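Architecture and fold: a report
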Amino acid sequence: MRIYLDDLPVELAGETLDDLLSSAKTALAISGRIVVDVERDGRVLTAAEIQAHRTRPLNHAQWRLTSSHPAELAVSTLREVKDLLTEARLKQEEAAADFQADNAGDAMRGLSAALEVWNQAPQAIINAANLMRLPCDDINVAGQNVQTLSASLVDQLRDLRQLVQDGDTVALADALGYEWPEITQRWQTLIDALIARIETPD
């Protein structure tokens with residue numbers, strides 16, 4: 001069995017993946033880095049696969065662990081979320097135009113893609129803040145913190161879905177064209193504030 005940590009061959013004690021991760025954590029403690037990817041025989045494992053392998057014997061596979069500093073991981077995640085929100089904003093604008101043109105099929109496909117982003121983005125932002133032990137209440141945008149924005153988002157998404165159920169395409173076009181650009185911008189401003197806080201700590 002061969003074990004690598006950040007492309008360097010290492011000797012880590014243990015018979016299961018849990019043991020391996022625990023040994024890696026100890027080895028990385030001084031640097032403050034954490035394991036962010038696990039490869040088995042050249043393939044990156046998903047979170048579900050890692051969970052399934054945790055207590056299984058390591059056998060003779062090649063294991064490769066990749067580490068990162070928490071700040072690098074948090075900033076990378078936040079930038080990815082910001083890019084996804086930019087894509088969501090474009091989908092929202094396209095959906096608004098499609099609703100106005102009575103092209104409900106394309107409009108709903110674009111709206112569904114945007115909603116998929118919104119279903120994941122807030123939790124990803126909170127996870128990044130938690131990783132850096134940053135209290136979400138400390139990051140504010142126009143007097144609103146992450147928790148306040150998240151609560152508002154729940155209401156805003158509920159209103160949007162109600163319009164879909166009602167089949168009110170006029171109101172949907174107005175909401176997506178006039179209200180949601182501001183909502184999206186507010187969240188992206190929050191992300192910028194979090195990144196700045198991480199990169200320039202007090």
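Everything below is about the structure printed above this text.
Treat the numbers as computed from the prediction; the structure is a model and nothing was measured.

Rules used in this analysis
- The residue numbering used here restarts from 1 in each chain and proceeds along that chain's sequence as written.
- The predicted origin of the model limits local features to residues at a pLDDT of at least 70 and limits the giving and counting of side-chain atom pairs to 80 or more, whereas totals for whole chains, interfaces and linings rest on all residues.
- To obtain the side-chain values, all non-hydrogen atoms of the structure were included, while hydrogens and water were left out.
- Helical segments are the DSSP runs of H or I of at least four residues, strand segments are the runs of E of at least two, and each set is numbered from the N terminus.
- It is over C-alpha atoms that the radius of gyration is taken, and the globule rule equals 2.2 Å times the number of residues to the power 0.38.
- The buried label goes to any residue with under 20% of its type's maximum accessible area, the exposed label to any with over 50%, and the partly exposed label to all in between, with areas taken from a 1.4 Å probe on protein chains only.
- Any pair of residues with heavy atoms lying within 4.5 Å of one another is described as a contacting pair.
- Counted charges follow a simple rule, with Lys and Arg positive, Asp and Glu negative, and His plus the chain ends left uncounted.
- Think of each charge as sitting on NZ of Lys, CZ of Arg, CG of Asp or CD of Glu.
- Here, a salt bridge means any Lys or Arg side-chain nitrogen found within 4 Å of an Asp or Glu carboxyl oxygen.
- If DSSP finds at least two bridges between two strands, the strands pair.
- Helix span, expected: 1.5 Å multiplied by one less than the number of residues in the helix.
- By definition, a residue's bend is the angle between the axes fitted to the seven residues ending there and the seven starting there.
- Only buried residues count toward a nonpolar core. Its members are Ala, Val, Leu, Ile, Met, Phe, Trp, Tyr and Cys residues joined through side-chain atoms within 4.5 Å.

**Observations concerning the overall build of the protein**
Helix and strand content of the protein: 6 helices and 7 strands. Compactness check: the protein gives a C-alpha radius of gyration of 22 Å against a globular reference of 17 Å for 202 residues, more than 25% above the reference. Across its three principal directions, the C-alpha atoms of the protein cover 65 × 40 × 25 Å. Counting all 202 residues of the protein, 39% fall into the buried class. The contacts of the protein with a sequence gap of at least 6 include a subset with a gap of at least 24, amounting to 73%. Of the side chains in the protein, 18 bear a positive and 32 a negative charge, and the two mean positions are spaced by 6 Å.

**A look at the pattern of salt bridges**
One pass over the full model with this rule turns up 10 salt bridges. The salt bridge involving R158 is made with D155; its shortest N-O contact spans 2.8 Å. With a gap of 3 residues between them, R158 and D155 both fall in helix α5 (residues 146–166), about one helical turn apart.

**Thoughts on the sheet that holds strand β5 (residues 62–68)**
Taken in spatial order, the 5 strands line up as β2-β1-β5-β3-β4 in an open sheet, and their pairing is mixed. Strands at the two margins of the open sheet, each flanked by one partner only, are β2 (8–9) and β4 (43–44). Examined bridge by bridge, strand β1 (residues 2–5) and β2 share 2 bridges and lie antiparallel to one another. Within the sheet, the bridge partner assigned to L5 lies in β2 and is L8.

**Considerations on helix α4 (residues 104–131)**
Spanning 28 residues, α4 covers 41 Å between terminal C-alpha atoms, matching the ideal 40 Å at 1.5 Å per step. At Q120, α4 is deflected by roughly 30°, the largest bend along its length, and proline P122 occurs up to four residues later in sequence. One or two residues past the end of α4 sits R133, with phi positive at roughly 55°.

**Here we look at the nonpolar core**
Within soluble globular proteins, side chains that are nonpolar tend to cluster in buried spots. Ranked by size, the top nonpolar core spans 43 residues in total, and within it W118, W180 and W187 carry the most contacts. Listing elements by their share of this core, those giving two or more residues are α3 (70–100), α4, α5 and α6 (169–199). At 12 residues, the largest contribution of residues to this core is made by α6. Those residues in contact with W118 that lie beyond four places of it in its chain are L85, A88, Q92, L153, L157, W180, I183, T184 and W187. Within the second largest apolar cluster, 15 residues are counted, among which are L5, L17, L20 and V38.

**Details of the pairing of β5**
For β5, the tally of buried residues reaches 6 of 7 residues, placing the bulk of the element in the interior. Relative to β5, β1 is paired through 4 bridges, and the arrangement is parallel. Of the residues in β5, the one forming a bridge with L5 is L65. Here strand β3 (residues 34–40) runs beside β5; their pairing, made up of 6 bridges, is antiparallel. Paired with V38 across the bridge in β5 is L65.

**What to know about unusual backbone geometry**
A positive phi angle is found at D6, which is not glycine, with a value near 55°. Tracing the chain through its elements places D6 in the loop between β1 and β2. Take D6: its relative accessible area is 29%, and that puts it in the partly exposed class. In this structure, D7 takes a positive phi of about 70° despite not being glycine. Relative to the helices and strands, D7 is located in the loop between β1 and β2.

Note that every value here comes from positions in space, so none of it alone points to a role or purpose.
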